[in-house]
Amino acid sequence: MKVNNVEMVISAVKPDQYPDEGLPEFALAGRSNVGKSSFINKMINRKSLARTSSKPGKTQTLNFYKIEEMLYFVDVPGYGFAKVSKREREAWGQMIETYMTSRKELQAVMLIVDLRHPPTEDDVMMYDFLKYYDIPCVVIATKADKIPKGKWSKHSKITKEKLNLIPEDELIIFSSETGEGKETVWNILTKRFK
Ligand code: GDP
């Protein structure tokens, strides 16, 4: 898909701020620094629309990006930052839980993990949460350019096993550097979840 038109519509902290046009939504989740902003920017052909910073303590909001008047990417604050206070973590959890468990427009969550390393305990917890609530998930294993192509299948197998990925949930090998996987992800979003 060729993306020309992207609009950052709102940074929301509570449900009455979510957009109300009923467009399908895809949420992006991943631990801090995994490459989530780079993934979003690559998908929408922007250098830096989504913030590529992962400082703890920045405002915890759900950022709604409207793409081609067709769907929304909903950027969820990164998890797994050790320096975040217990109170911040709880606020994060509550905001995510409210959004993910009650939002009818939510079609699927794109869970961003690092292809180079096995998923962390936080990644596993996030995936378990999605499965507990029966939320479809597409796993994006990014930074693929950082390991040789010959090792991709071994690494994706490890990722699938550690997450205990169910067959309905696909894993897509991705790179924000090369664009690897980009068209595959767009196909899934526009064909499987339209
Ligand atoms: P976020 O905190 O999850 O939003 O992570 P960022 O998108 O800011 O990325 C964290 C760091 O990883 C940055 O230095 C990026 O340039 C780098 N990065 C992200 N994705 C890739 C990728 O696919 N390949 C490579 N080589 N570096 C990446």
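Predicted, not measured: the structure shown is a model, and the values here were computed from it.

Here's the deal with unusual backbone geometry
- Backbone geometry places N45, a non-glycine residue, at a positive phi of 55°.
- Secondary-structure assignment places N45 in the loop between α1 (36-43) and β3 (62-67).
- Positive phi outside glycine occurs at E69, with the angle close to 55°.
- Residue placement: E69 occurs in the loop between β3 and β4 (71-75).
- Judged by relative accessible area, which is 53%, E69 ranks as exposed.

Topic: the nonpolar core
- Counting residues in hydrophobic clusters, the biggest one holds 37 residues, and the most contacted among them are L62, Y99, M100 and M126.
- Excluding its chain neighbours within four sequence positions, the residues that come into contact with L62 are I10, S11, A12, Y18, V74, D75, V76, P77, M95, I96 and Y99.
- I40, A108, V138 and I172 belong to the second-largest nonpolar core, a separate cluster that totals 25 residues.

Quick look at the environment of Y133
- Relative to the elements of secondary structure, Y133 occurs in the loop between α3 (121-132) and β6 (137-142).
- Here Y133 is in contact with E97 and T101, once residues within four sequence places are set aside.

With respect to the pairing of β6
- Here β6 lies mainly inside the structure; six of its six residues are buried.
- Of the two faces of β6, the one lined by C137, V139 and A141 and the one lined by V138, I140 and T142 are each fully buried.
- Here six bridges tie strand β5 (residues 106-114) to β6, and the two strands are oriented parallel to one another. Pairing of V113 across the sheet is with A141, part of β6.
- A crossover links β5 with its parallel partner β6, the connecting element being α3, and its sense is right-handed.
- With helix α4 (residues 152-163) bridging β6 and its parallel neighbour strand β7 (residues 171-173), the resulting β-α-β unit is right-handed.

Rules of the game
Residues numbered from 1 in each chain as written. Predicted model: local features only at pLDDT ≥ 70, side-chain atom pairs only at ≥ 80, totals over all residues. Heavy atoms only, no water. Helix = DSSP H or I, 4+ residues; strand = E, 2+ residues; numbered from the N terminus. Buried < 20%, exposed > 50% of the residue type's maximum accessible area, 1.4 Å probe, protein only. Core = buried A, V, L, I, M, F, W, Y, C linked by side-chain atoms within 4.5 Å. Contact = heavy atoms within 4.5 Å. Pairing = 2+ DSSP bridges. Right-handed = clockwise from strand over helix to strand, strands pointing away.

Nothing here speaks to function; it is all geometry.
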